[in-house]
Amino acid sequence: VAAATQVFKDKGYHATSVNDIIDAAQIARGTFYLYFTSKRDVFAELSTTFLSLIRNSVRKISLDPTDGEPLAQMRANFRRVMNTVLEHGDLATIMLRGDAGDAEARAHMAPFYDQVIDLIGQAVRVGRILGIARDCDVEVIAVAALAGGGGDSGPSIPPTPTVPDFPPPPTP
């Protein structure tokens, strides 16, 4: 899996072949097929792993005053998600690189993006319920947040090791 991660990161989904993964892993073809049926299976495992890492970095927002303000908890969630992305930069690059020109890669990425958009949408809905997010089209905000890294090559992953604390919001 580590070799496949590096090859997908370096070449992208479409340009990667099973032979590339086998060569990078220095394993026999039969060994590869003991664990996976195709590069699609490897890619699906990487996608599942990355999404699980992101999900595990998010904490439920508590209304208990001892847990802090909900807005501070949401900011902490954002920092944890961004730190997870930065800590797993190779996976993030693969998942967010924007192989969008290739229909096969888009088809394999669609479930991942749908799940991330759903996670972001859930966070926005919670923010609205708690009164810390404005009324908005949740799906548009979620898609925009996911695409926020920008450009045709997809979101860029900065080399910074951690995400700094946010300054407090301005007072009206």
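Anything mentioned here points back to the structure above.
Residues numbered from 1 in each chain as written. Predicted model: local features only at pLDDT ≥ 70, side-chain atom pairs only at ≥ 80, totals over all residues. Heavy atoms only, no water.

**Some points on unusual backbone geometry**
At step 1: Despite not being glycine, glutamine 26 has its phi angle at roughly 55°, a positive value.
At step 2: Summarising the element assignment, glutamine 26 is placed in the loop between α2 (18–25) and α3 (29–35).
At step 3: Accessibility expressed as a relative area gives 73% for glutamine 26, which makes it exposed. (Helix = DSSP H or I, 4+ residues; strand = E, 2+ residues; numbered from the N terminus. Buried < 20%, exposed > 50% of the residue type's maximum accessible area, 1.4 Å probe, protein only.)

**Observations concerning the pattern of salt bridges**
At step 1: What the rule picks out here adds up to four salt bridges.
At step 2: Across the pair lysine 9 and aspartate 90 runs a salt bridge, and its minimum N-O distance is 3.5 Å. Of the two residues, lysine 9 is situated in helix α1 (residues 2–11) and aspartate 90 in helix α6 (residues 89–96); the sequence distance between them amounts to 81 residues.
At step 3: Taking the relative accessible area as the measure of exposure, lysine 9 reaches 28% and is therefore partly exposed.
At step 4: Between aspartate 118 and arginine 125 there is a salt bridge whose closest N-O contact spans 3.9 Å.
At step 5: On the basis of relative accessible area, aspartate 118 is assigned to the partly exposed category, the value being 35%. (Salt bridge = Lys/Arg side-chain N within 4 Å of Asp/Glu carboxyl O.)

**Here we look at the packing of helix α4 (residues 39–57) against helix α5 (residues 70–87)**
At step 1: For the pair α4 and α5, the least separation of the axes is 8 Å and the interaxial angle reads 150°. Relative to α5, the element α4 lies roughly antiparallel. Pair α4 / α5 crosses with right-handed handedness. Of the residues in α5, those touching α4 at Phe50, Leu53, Ile54 and Ser57 are Asn77, Arg80, Val81, Thr84 and Val85.
At step 2: Here the contact of α4 with α5 is built from residues that sort into five nonpolar, three polar and one charged. (Axes fitted to C-alpha atoms, helices over the stretch in contact; angles between N-to-C directions. Parallel < 35°, antiparallel > 145°, perpendicular 65-115°, else oblique. Left-handed = near helix turned anticlockwise from the far one by under 90°. Contact = heavy atoms within 4.5 Å. Nonpolar A, V, L, I, M, F, W, Y, C, P; charged D, E, K, R; others polar.)

**With respect to α5**
At step 1: With 18 residues, α5 should cover 26 Å at 1.5 Å per step; its first-to-last C-alpha distance of 25 Å lies within 8% of that length.
At step 2: When α5 is considered as a whole, its buried residues turn out to be Pro70, Gln73, Ala76, Asn77, Arg79, Asn83, Thr84, Val85 and Leu86.
At step 3: Structurally, α5 contributes buried residues whose contacts are with α4 and α6. (Expected span 1.5 Å × (residues − 1).)

**Notes on the side chain of lysine 39**
At step 1: Its location among the elements puts lysine 39 in helix α4.
At step 2: In this structure the side chain of lysine 39 is engaged in a polar contact, spanning 2.8 Å, whose partner is the backbone oxygen of tyrosine 13. (Polar contact = N/O pair within 3.5 Å; in protein donor to acceptor, adjacent residues only side chain to side chain.)

**Describing α6**
At step 1: Where burial is concerned, most of α6 is hidden: six out of the eight residues are buried.
At step 2: Taken as a whole, α6 has its buried residues at Gly89, Leu91, Ala92, Ile94, Met95 and Leu96.

**Some details on the environment of serine 57**
At step 1: Examined against the element boundaries, serine 57 turns out to sit in helix α4.
At step 2: A relative accessible area of 6% places serine 57 in the buried class.
At step 3: Sequence spacing of serine 57 and asparagine 83 is 26 residues, and the spatial spacing of their C-alpha atoms is 8.9 Å.
At step 4: When neighbours within four sequence positions are excluded, serine 57 is seen to be in contact with Asn77, Arg80, Val81 and Thr84.
At step 5: There is a polar contact of 2.6 Å between the side chain of serine 57 and the backbone oxygen of isoleucine 54.

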